[in-house]
Amino acid sequence: ASVQAGPSVQVHWQINTSDPDVREYVLYRSTTDGFIPSEETKIGNATDTLFIDGSPISGVVNYYRVVTMDIHGNSSNPSSQAEASVAQTSTYSMNDKWNMVSVPLTVNDYTKTVLYSTSVSNAISYHDGYSTQTVLANGIGYWIKFSGAQNVPMTGLLRTEETITVSEGWNMIG
């Protein structure tokens, strides 16, 4: 199966030519990589080789599998897994002047001027001393200055786990 993501996910697969009496295709979705299709993960049926998932789960990877059902109720083995990442936009409140920020999402572009375009300073990190950063990273804390309180949107995938190496003494983590 192949996917095309947007506000909805289009899942397309090859027609089953090995079973001459195909009745329908059953589609399954999970956020667990390598999932086994079940009633809990079933999201719909199709008689064609295209299914539009109008409510994918935002901020995470959606995994899809297709099972062929014939007119006798026999089902095929599940298809190989296809995946679609559906980004979400979150808004973060910034105070006037200096804020400690991070990059809490997995994003396409980690450039400071893209992520925090309305800031009025460089991004400053700390590791054995302060340094200016033009490209930010997940797991690191930064000082950034804003001119006036404001909301900053960021679009990406949720991060559910992070491993951070810390040093003895002061650390700025995000």
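Cut-offs applied
- Residues numbered from 1 in each chain as written.
- Predicted model: local features only at pLDDT ≥ 70, side-chain atom pairs only at ≥ 80, totals over all residues.
- Heavy atoms only, no water.
- pLDDT = per-residue confidence, 0-100.
- Helix = DSSP H or I, 4+ residues; strand = E, 2+ residues; numbered from the N terminus.
- Core = buried A, V, L, I, M, F, W, Y, C linked by side-chain atoms within 4.5 Å.
- Buried < 20%, exposed > 50% of the residue type's maximum accessible area, 1.4 Å probe, protein only.
- Contact = heavy atoms within 4.5 Å.
- Phe/Tyr/Trp six-rings, centres within 6.5 Å; stacked < 30°, edge-to-face > 60°.
- Lys NZ or Arg CZ within 6 Å of the ring centre and 35° of its normal.
- Patch = residues over 30% accessible without salt bridge, like charges linked within 9 Å, V, L, I, M, F, W, Y side chains within 5 Å.
- Areas by Shrake-Rupley, 256 points an atom, 1.4 Å probe, with all protein chains shown as cover.
- Salt bridge = Lys/Arg side-chain N within 4 Å of Asp/Glu carboxyl O.

A. Geometry of the confidence of the model for the protein chain. Residues with a pLDDT of 70 or more make up 97% of the protein chain, whose mean pLDDT is 91. The element-level mean pLDDT for the protein chain is lowest in strand S1 (residues 2–5), coming to 51, with strand S13 (residues 142–146) highest at 98.

B. Looking closely at the nonpolar core. Formed by 15 residues in total, the largest nonpolar core has its most connected members in Val103, Val107, Leu115, Tyr116, Leu136, Ile144 and Met154. Breaking this core down by element, the ones donating at least two residues are S13 and strand S14 (150–158). A per-element tally of this core places S13 first, with three residues. In contact with Val107, other than residues within four places in its own chain, are Leu115, Met154, Thr155 and Gly156. Trp13, Leu27, Ala46 and Val66 belong to the second largest nonpolar core, which has eleven residues in total.

C. Molecular detail of the side chain of Thr68. Relative to the helices and strands, Thr68 resides in strand S6 (residues 61–70). Classification of Thr68 by relative accessible area gives buried; the value is 8%. Once residues within four sequence positions are removed from consideration, Thr68 is found in contact with Asn16, Val22, Glu24, Tyr25, Asn74, Ser75 and Ser76.

D. The arrangement of the packing of aromatic side chains in detail. Counted by the stated rule, this structure contains three aromatic pairs. Relative to Phe146, the ring of Tyr116 lies with its centre 6.3 Å away and its plane at 70 degrees, an arrangement referred to as edge-to-face. Highlighted residues: Tyr116 in the loop between helix H1 (112–115) and strand S11 (123–126) and Phe146 in strand S13, separated in sequence by 30 residues. The side chain of Arg65 reaches across the aromatic face of Phe35, ending 5.6 Å from its centre.

E. A look at a nonpolar patch on the surface. A contiguous nonpolar surface patch, about 450 Å² in accessible area, is contributed by Trp98, Met100, Tyr130 and Trp143. In this fold, Trp143 is placed in strand S13. Here Trp143 falls in the partly exposed class, since its relative accessible area comes to 31%.

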